Amino acid sequence: MTARPYRSVLYIPGSKERALEKAKTLPVDAIIFDLEDAVAVEEKANARALLAETLKTADYGARAKIVRVNALDTEWGHADVEALRDVGADALLLPKVDSAEDVQALAELAPGVAIWAMMETPLGILNAAEIAAHPALEGFVLGTNDLAKDLNTRFRADREPLLTSLQMCMLAARAHGVVAVDGVYNAFKDDEGLRVECEQGRDMGFDGKTLIHPAQVEITNAAFAPSEAEIDLARRQIAAFEQAEADGQGVAVVDGKIVENLHIVTAKATLAKADAIAKLEIA
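Read on for an overview of the structure. Being a predicted model, the structure only gives us computed values, none of them experimental. (Residues numbered from 1 in each chain as written. Predicted model: local features only at pLDDT ≥ 70, side-chain atom pairs only at ≥ 80, totals over all residues. Heavy atoms only, no water.)

What about the overall build of the chain?
Then comes step 1: Secondary structure assignment for the chain yields twelve helices and ten strands.
Then comes step 2: In terms of its C-alpha atoms, the chain occupies a principal-axis envelope of roughly 70 × 40 × 40 Å.
Then comes step 3: A burial count over the chain gives 49% of its 283 residues as buried.
Then comes step 4: When contacts within the chain are restricted to residue pairs at least 6 apart in sequence, those whose partners lie at least 24 apart make up 66%.
Then comes step 5: A total of about 13800 Å² of accessible surface is found on the chain, and carbon and sulfur atoms cover 51% of it.
Then comes step 6: Separation of charge centres in the chain, based on 29 positive and 46 negative side chains, amounts to 4 Å. (Helix = DSSP H or I, 4+ residues; strand = E, 2+ residues; numbered from the N terminus. Buried < 20%, exposed > 50% of the residue type's maximum accessible area, 1.4 Å probe, protein only. Contact = heavy atoms within 4.5 Å. Areas by Shrake-Rupley, 256 points an atom, 1.4 Å probe, with all protein chains shown as cover. Lys, Arg positive; Asp, Glu negative; His and termini not counted. Charge placed at Lys NZ, Arg CZ, Asp CG, Glu CD.)

Below you can see the structure in the form of structure tokens.
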């Protein structure tokens, strides 16, 4: 897994010139430039042209640039891909992916371009492992609103009806080394609810969370970044294990707990992520 941060991944409508400009200044790790749900039918062609021209010339710094195209079985999908595949985006995001065949169809239209998949249908969740295994696939984005609709679940703050789906995606993502970003939190003025859901997603293993409003960025960035306590522990674990190895021991003890090589892998990943976040913020 790359240490590149994907803590905050903000949706920006591809049809809104003002929003496209503002996104250059927001402290997000990645931007999803959306041509699908955020764009009205009558604005699809205009949004496509505006976004293509913007990404050719605009500077979004170190932020990852991900374009969500319309599904390939719509009247706009193929034109979206043709217009956006060569404009410098870091990835194309395909909605409503049901199988690896959907990923392959996009890969044939945009050879060499990284593909991310919206995981938002029951069939897609059931096929998560084969989707993640596709060689062009580099990221999952959970579409929890669409998934909840299709599953006919009721809203619960603990998201219990969605946990199986979330975990299946996490298993597939980690098995095949792809990024996994949690779904949106709809109540963008509810800071405490957002914090709780971010912590849940973080503890499940997600790399970050998709956002619908800039007001959600600060809480999300904090939740998905290593804390000072975690960084300190990682450094002490590495130092203690290195000393143990020097002494001919296979394990160390830190804060009364055994530290083995597997803990050192996690500790080094924590420090790498903290370092990557620091470099991103400096840039």
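A look at helix α7 (residues 144-151)
Then comes step 1: Considered for burial, the residues of α7 that qualify are Thr 144, Asp 146, Leu 147 and Ala 148.
Then comes step 2: Of the surrounding elements, those touching the buried residues of α7 are α5 (122-126), β6 (137-142), α8 (163-176) and β7 (179-182).
Then comes step 3: Of the residues flanking the end of α7, it is Asn 152, one or two places downstream, whose phi is positive at about 60 degrees.

Some details on the pattern of salt bridges
Then comes step 1: Considering all chains together, one arrives at 23 salt bridges under this definition.
Then comes step 2: Here Asp 80 ties to Arg 48 by a salt bridge, and the two come within 2.7 Å at their closest N and O atoms. Within this pair, whereas Asp 80 is found in helix α3 (residues 77-84), its partner Arg 48 is found in helix α2 (residues 44-57), the two being separated by 32 residues in sequence. Here the two residues Asp 80 and Arg 48 agree in accessibility, since each one is buried.
Then comes step 3: Among the ionic pairs, Asp 207 bridges to Arg 174, the shortest N-O distance being 3.1 Å. Of this pair, Asp 207 sits in the loop between α9 (191-204) and β8 (208-211) while Arg 174 is found in helix α8, placing the two residues 33 residues apart along the sequence.
Then comes step 4: Residue classification places Arg 174 among the partly exposed residues on the basis of a relative accessible area of 34%.
Then comes step 5: Residues participating in the shared-partner salt-bridge network are Asp 34, Glu 36, Asp 37, Arg 68, Lys 96 and Asp 146. (Salt bridge = Lys/Arg side-chain N within 4 Å of Asp/Glu carboxyl O.)

Here we look at the pairing of β6
Then comes step 1: Taken across its six residues, β6 has five buried, putting it largely inside the fold.
Then comes step 2: Across five bridges, strand β5 (residues 115-119) lies against β6 in parallel orientation. Note on β6: the bridge partner recorded for Ile 115 is Leu 137.
Then comes step 3: As judged from the three bridges shared by β6 and β7, these two strands associate in the parallel manner. Each bridged residue has a counterpart across the sheet, and for Gly 139 the counterpart in β7 is Val 179. (Pairing = 2+ DSSP bridges.)

Regarding the packing of aromatic side chains
Then comes step 1: All told, the structure shown has two aromatic pairs when counted by the stated rule.
Then comes step 2: Aromatic side chains Tyr 6 and Trp 116 sit 5.2 Å apart centroid to centroid with 55 degrees between the ring planes, which places their arrangement in the tilted category. Of this pair, Tyr 6 sits in the segment before β1 (8-13) while Trp 116 sits in strand β5, and the two are 110 residues apart along the sequence. For the pair Tyr 6 and Trp 116, a shared accessibility class is recorded, and that class is buried.
Then comes step 3: Where Phe 33 meets Tyr 60, the ring centres are 5.1 Å apart and the plane angle is 70 degrees; that geometry is what we call edge-to-face. With Phe 33 in strand β2 (residues 30-34) and Tyr 60 in the loop between α2 and β3 (64-68), this pair connects stretches of sequence that are 27 residues apart. Each member of the pair, Phe 33 as well as Tyr 60, carries the same accessibility label: buried.
Then comes step 4: The ring of Tyr 6 has Arg 4 sitting right over it, with the charged end atom 5.3 Å from the ring centre.
Then comes step 5: Sitting above the plane of the Trp 76 ring, Lys 44 keeps its charged end 5.1 Å from the centroid. (Phe/Tyr/Trp six-rings, centres within 6.5 Å; stacked < 30°, edge-to-face > 60°. Lys NZ or Arg CZ within 6 Å of the ring centre and 35° of its normal.)

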